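# Summary of the model geometry
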Amino acid sequence: MKFTSLTAMILSATSIAGTVVTAQIIGHPCAHANEPECGQIEGHNHDNQFLFLCGPDYTIIDYEDCSCEGCCYIDLPYAQCF
C-alpha cells in the first residue's frame, strides 16, 4: 500500500488553486501597452488592488498583489504596492 500524507495533498491542492488564479490574471486584457497599471478583479486578493504590467499585446504579463484597497501607486517611471 502506498500512503500519501494529508499535508502533501493539501499543499498540492493549494498550489493548483494558486496556479488557477494566476492563470486568470495573466493574459487578462489591460489598457496601456508596456506600462504599469493598478487594478482589481472581484474575488482576487480579497478584492484589494494589484499592480500589474500591461504587455505589448494589451494583456497582463506580470503582477503583484497589494495589501489593501487603494495601496497601488504609480508615478511613472515608478510603481509600487504598499
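Throughout what follows, the structure given in this document is the object of discussion. (Residues numbered from 1 in each chain as written. Predicted model: local features only at pLDDT ≥ 70, side-chain atom pairs only at ≥ 80, totals over all residues. Heavy atoms only, no water.)

## Looking at the side chain of Thr59
The condition that has to hold: For the purposes of this entry, the term helix denotes a DSSP run of H or I that reaches at least four residues, the term strand denotes a run of E that reaches at least two, and both are numbered from the N terminus. For this analysis, a polar contact is any N or O atom pair within 3.5 Å, provided that within protein one partner can donate a hydrogen and the other can accept it, and provided that sequence-adjacent residues contribute only side-chain to side-chain pairs.
Note that Thr59 resides in the loop between strand 2 (50–54) and strand 3 (60–65). Here Asp57 takes part through its side chain, which lies 2.7 Å from a polar atom of the side chain of Thr59.

## Side note on the environment of Asn34
Defined as follows: Each residue gets one of three labels from its accessible area relative to the maximum for its type: buried under 20%, exposed over 50%, partly exposed in between, using a 1.4 Å probe on protein chains only.
Locating Asn34 in the fold gives a position in the loop between helix 1 (6–25) and strand 1 (35–39). On the basis of relative accessibility, which here comes to 56%, the residue Asn34 falls in the exposed class. In this structure the C-alpha to C-alpha distance between Asn34 and Pro56, which are 22 residues apart in sequence, comes to 5.4 Å.

## Some thoughts on the pairing of strand 5 (residues 78–81)
As a reminder, the rule being used: A pair of strands is treated as paired once DSSP finds two or more bridges between them.
Summarising the sheet, strand 4 (residues 72–75) and strand 5 pair through four bridges and their orientation is antiparallel. When the bridges of strand 5 are listed, Tyr73 appears paired with Gln80. Hairpin geometry of strand 4 and strand 5 is characterised by an intervening segment of two residues between the two adjacent antiparallel strands.

## Regarding the pairing of strand 2
Of all five residues that make up strand 2, four are buried, and the element is covered over most of its length. Of the strand pairs in this sheet, strand 1 and strand 2 are connected by five bridges, and their pairing is antiparallel. Looking at strand 2, one finds that Glu35 is bridged to Cys54. In this structure, strand 2 lies alongside strand 3, joined through five bridges in antiparallel fashion. Following the sheet pairing, Leu51 is matched in strand 3 by Glu64. Once strand 2 ends, the chain turns through five residues before running back antiparallel as strand 3, passing Tyr58 with a positive phi of about 60°.

Interpretation in functional terms is not warranted from these geometric data alone.
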